Amino acid sequence: IVINGEDFDNAQRLGFKTGENLFHVHGVGVDLSEYANPPISGNNIRASLQIGSEDVIVTCIGELNGNKNQDFLLDAWRELAGRYGYVHLLFVGTGEKMEALQKRIVKEQIKRVYFLGYRSDVPQILKESDIATLVSKREGLPRCIMEAMAAGKPVVASNVRGNRDLVEHGRTGFLV
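Right, let's walk through the structure included here. (Residues numbered from 1 in each chain as written. Predicted model: local features only at pLDDT ≥ 70, side-chain atom pairs only at ≥ 80, totals over all residues. Heavy atoms only, no water.)

## Notes on the side chain of Arg112
Part 1 of the reasoning: As for its placement among the helices and strands, Arg112 is situated in the loop between helix H5 (98-107) and strand S3 (113-117).
Part 2 of the reasoning: Summary of buried charges: Arg112 has no salt-bridge partner, and the nearest side chain of opposite charge, Asp55, is 6.7 Å away.
Part 3 of the reasoning: A polar atom in the side chain of Arg112 sits 2.7 Å from the backbone oxygen of Tyr84.
Part 4 of the reasoning: Beyond its immediate stretch of four places on either side in the chain, Arg112 contacts Trp77, Ala81, Tyr84, Gly85, Tyr86, Val87, His88 and Leu89. (Helix = DSSP H or I, 4+ residues; strand = E, 2+ residues; numbered from the N terminus. Buried < 20%, exposed > 50% of the residue type's maximum accessible area, 1.4 Å probe, protein only. Lys, Arg positive; Asp, Glu negative; His and termini not counted. Salt bridge = Lys/Arg side-chain N within 4 Å of Asp/Glu carboxyl O. Polar contact = N/O pair within 3.5 Å; in protein donor to acceptor, adjacent residues only side chain to side chain. Contact = heavy atoms within 4.5 Å.)

## So, the nonpolar core
Part 1 of the reasoning: If you look at the biggest cluster of nonpolar residues, it comprises 22 residues, and the most contacted ones within it are Leu90, Leu116, Leu126, Ile145 and Val155.
Part 2 of the reasoning: Beyond its immediate chain neighbours, meaning those up to four positions away, Leu126 contacts Tyr35, Ile61, Ala132, Glu147, Ala148, Ala151 and Lys153. (Core = buried A, V, L, I, M, F, W, Y, C linked by side-chain atoms within 4.5 Å.)

## Notes on the environment of Leu64
Part 1 of the reasoning: Inspection of the secondary structure assignment puts Leu64 in the loop between strand S1 (56-61) and helix H4 (70-83).
Part 2 of the reasoning: Every residue in contact with Leu64, bar those within four places of it in the chain, is listed here: Gln70, Phe91, Gly93, Thr94, Gly95, Glu96, Lys97, Met98, Leu101 and Phe115.

## Topic: the pairing of S3
Part 1 of the reasoning: Within S3, four of the five residues are buried, which leaves it mostly tucked inside the rest of the structure.
Part 2 of the reasoning: Across four bridges, the pairing between strand S2 (residues 87-92) and S3 is parallel. What sits directly across from Leu90, in S3, is Tyr114.
Part 3 of the reasoning: The parallel pair S2 and S3 is bridged by H5, and the resulting crossover is right-handed. (Pairing = 2+ DSSP bridges. Right-handed = clockwise from strand over helix to strand, strands pointing away.)

## A short note on the packing of H4 against H5
Part 1 of the reasoning: Put simply, H4 and H5 touch, their axes get as near as 11 Å, and they point 15° apart. Relative to H5, the element H4 lies roughly parallel. H5 is crossed by H4, and the crossing has right-handed handedness. When H4 is examined against H5, the residues Gln70, Asp71, Leu74, Asp75 and Arg78 are found in contact with a partner set consisting of Leu101, Arg104 and Ile105.
Part 2 of the reasoning: Here the contact of H4 with H5 is composed, by residue class, of three nonpolar, one polar and four charged. (Axes fitted to C-alpha atoms, helices over the stretch in contact; angles between N-to-C directions. Parallel < 35°, antiparallel > 145°, perpendicular 65-115°, else oblique. Left-handed = near helix turned anticlockwise from the far one by under 90°. Nonpolar A, V, L, I, M, F, W, Y, C, P; charged D, E, K, R; others polar.)

## Considerations on the sheet that holds strand S6 (residues 173-175)
As a general point, the strands of a sheet are linked pairwise by backbone hydrogen bonds and lie either parallel or antiparallel.
Part 1 of the reasoning: Spatially, six strands are ordered S3-S2-S1-S4-S5-S6 in an open sheet, and the strand pairing comes out parallel. Strand pairing shows two members of the sheet lacking a second neighbour, S3 and S6, which therefore form its edges. Taken pair by pair, the neighbouring strands of this sheet meet at an average axis angle of 20°, ignoring direction.
Part 2 of the reasoning: The sheet contacts of helix H7 (residues 143-150) involve S1, strand S4 (131-134) and strand S5 (155-157), and relative to S5 the element is tilted by about 160°.

Here it is as structure tokens:
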């Protein structure tokens, strides 16, 4: 059982037979109704973080770990935040790298980065976001990209399997 096109193609090259011992399942998916008009929660992200309505919010949802590659994102963010005073980066999730990432931001004085921790209001957060990003080193079929697309947000994602199954470069987002 595979969940992305690249793994399916590789399995066929290895001799697995479609419908016999090779099955392509398109992941778990998301409930589109949750993202079309998410319920308004009492916690408006822009207001709570004092982010202006015209400012740009980039949101990265996922476990904070080495595979999700948030350090790579911070390398790029340091440059973006230095050039543009109206961009804000939200990390939604927890994980083993949280403390190290927070220390790095302080040490390197990287501006406008917020850690929201684990959240159950992801549809609302995405509604208030402008762009979603995921720069993982590897993926299966990332739910957070599906959520961002269900919310109608463009995606900037690393050019790895799984991400390529969801993001059409130049049309629904960018693969980097």
